[in-house]
Amino acid sequence: MRKLVVAGVVLPALLLASAGHAADLPRRYAPAYAPPLVPIFTWTGFYGGIVGGYGFGDFNGRGKAIAGSPNGGLVGGTLGYNYQLPNNIVIGLEGDVAYAGIGNTQTTAGPVTAKNTLNLQTTVRGRVGYAVNRMLFYATGGYAGGNLHTTVYDVPAGFYAANGNFLSGYAIGAGAEYAIMPNLSGKIEYLYSDLGKGDNFVGTPDATRVGVSTSDIRVGLNYHF
């Protein structure tokens, strides 16, 4: 009887002591903690947006209908595609069309009054840049075209005429673009364009060959699809 009583007292005490000792042992496997996934920004993909700015430059050539140094604003749209390589080099292709008012009026002896206005600009350019996370620095170059509208009023000759010429040449430049949000970026760029020369009023006393070169400071806002 005494043995049963002792066993009834000792056995529960041993079980409680074992349970307490087991609770004090370090756990073999700590609970895993997974930090939240932060998406890595990439410039790869299609985009479209708006562009605007200010242009200035030079009208050059021969004839009476040359109007000196033009300046004025521009606004238009942009479409493009970027591909970001593993080494953070970004290559792409971009096209834009902008309505412009880059022009000048000049009156010379005679009097002869000439007005030249570049009223449309378009480019198709390659881009190569380097990305620092959300910041992209790039160089760009390719095709450039524009519509040059020319008028001349030659008082002594009694001649007035207007003419439009679509000119083609090249554009080169550089810029920087920053991703404000994952799908929205803003950019600023400088673009130099040489559109070559075009002939106006052929066969008249005011026949003119006009060349156009411009420097544009542009800002833009792009949506990335």
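Structural data are supplied above this passage.
These remarks concern the structure in this document. Fair warning: this is a prediction, and the values are worked out from it, not measured in the lab.

### Quick look at the nonpolar core
One finds F59, L148, L195 and V212 to be the most contacted residues of the largest nonpolar core, which totals 16 residues. Of all the secondary-structure elements, those providing two or more residues to this core are β3 (89-108), β5 (135-154), β6 (159-181), β7 (184-200) and β8 (208-224). No other element matches the 3 residues that β3 contributes to this core. Ignoring any residue separated from it by four or fewer positions in sequence, one finds L148 in contact with F59, N116, T117, L118, N163, G164, N165, L167, V210 and V212.

### A few points about a nonpolar patch on the surface
Judged by side-chain polarity, F46, Y81, Y83, I91, V128, Y223 and F225 come together as a nonpolar surface patch covering roughly 750 Å² of accessible area. Counting through the fold element by element, F225 comes out in the segment after β8. Residue classification places F225 among the exposed positions, given a relative accessible area of 66%.

### Here's the deal with the sheet that holds β7
A barrel is described by the order of its strands in space; here 8 strands give the closed sequence β1-β2-β3-β4-β5-β6-β7-β8, paired in antiparallel fashion. Strand-to-strand twist across the sheet, computed as the mean angle between neighbouring axes with direction ignored, equals 20 degrees. As defined by bridge partners, β5 adjoins β6 across 20 bridges and the pair is classed as antiparallel. Bridge assignment links F137 to a residue of β6, and that residue is A176.

### A word on the pairing of strand β4 (residues 112-132)
Pairing of β3 with β4, which is carried by 18 bridges, proceeds in the antiparallel orientation. Paired with N104 across the two strands is N116, which belongs to β4. Where β4 folds back onto β5 in an antiparallel hairpin, the turn is made up of 2 residues, including N133, whose phi is positive at roughly 55 degrees.

### Here's the deal with the pairing of β7
With 11 bridges connecting them, β6 and β7 associate as antiparallel partners. In the sheet register, G175 faces β7, and the bridge partner there is E189. Joining the antiparallel neighbours β6 and β7 is a turn of 2 residues. Two strands pair when backbone bridges link them, and β7 and β8 are joined in this way by 15 bridges, in the antiparallel orientation. If you follow G186 over to β8, its bridge partner there is L221.

### A short note on the pattern of salt bridges
Counted under the stated rule, the structure contains 10 salt bridges. Taking the shortest distance from any N to any O, the salt bridge between D96 and R218 comes out at 3.2 Å. Note that D96 is positioned in strand β3 and R218 in strand β8, a separation of 122 residues in sequence. One exposure class covers both D96 and R218, and it is buried. Here R218 ties to D216 by a salt bridge, and the two come within 3.7 Å at their closest N and O atoms. A residue is classified by how much of its surface remains accessible, and R218, at 1% relative accessible area, is buried. Relative accessible area serves as the criterion here: at 0%, D216 is assigned to the buried category. Among the ionic contacts, a cluster of salt bridges with common partners joins E94, D96, R125, R127, E177, K187, E189, D216 and R218.

### Details of the environment of S215
As for its placement among the helices and strands, S215 is situated in strand β8. Judged by its relative accessible area of 11%, S215 falls in the buried class. Contact partners of S215, with chain neighbours within four places excluded, come to Y54, G55, F56, Y190, L191 and Y192.

### Section: unusual backbone geometry
For N133, which is not glycine, the phi torsion reads 55 degrees and is therefore positive. With respect to the helices and strands, the residue N133 is situated in the loop between β4 and β5. Judged by its relative accessible area of 53%, N133 is exposed. One non-glycine residue with positive phi stands out, namely F201, at about 55 degrees. Position of F201 among the secondary structure elements: in the loop between β7 and β8. Owing to a relative accessible area of 9%, F201 belongs among the buried residues under this scheme.

The rules we used
Residues numbered from 1 in each chain as written. Predicted model: local features only at pLDDT ≥ 70, side-chain atom pairs only at ≥ 80, totals over all residues. Heavy atoms only, no water. Core = buried A, V, L, I, M, F, W, Y, C linked by side-chain atoms within 4.5 Å. Buried < 20%, exposed > 50% of the residue type's maximum accessible area, 1.4 Å probe, protein only. Helix = DSSP H or I, 4+ residues; strand = E, 2+ residues; numbered from the N terminus. Contact = heavy atoms within 4.5 Å. Patch = residues over 30% accessible without salt bridge, like charges linked within 9 Å, V, L, I, M, F, W, Y side chains within 5 Å. Areas by Shrake-Rupley, 256 points an atom, 1.4 Å probe, with all protein chains shown as cover. Salt bridge = Lys/Arg side-chain N within 4 Å of Asp/Glu carboxyl O. Pairing = 2+ DSSP bridges. Axes fitted to C-alpha atoms, helices over the stretch in contact; angles between N-to-C directions.

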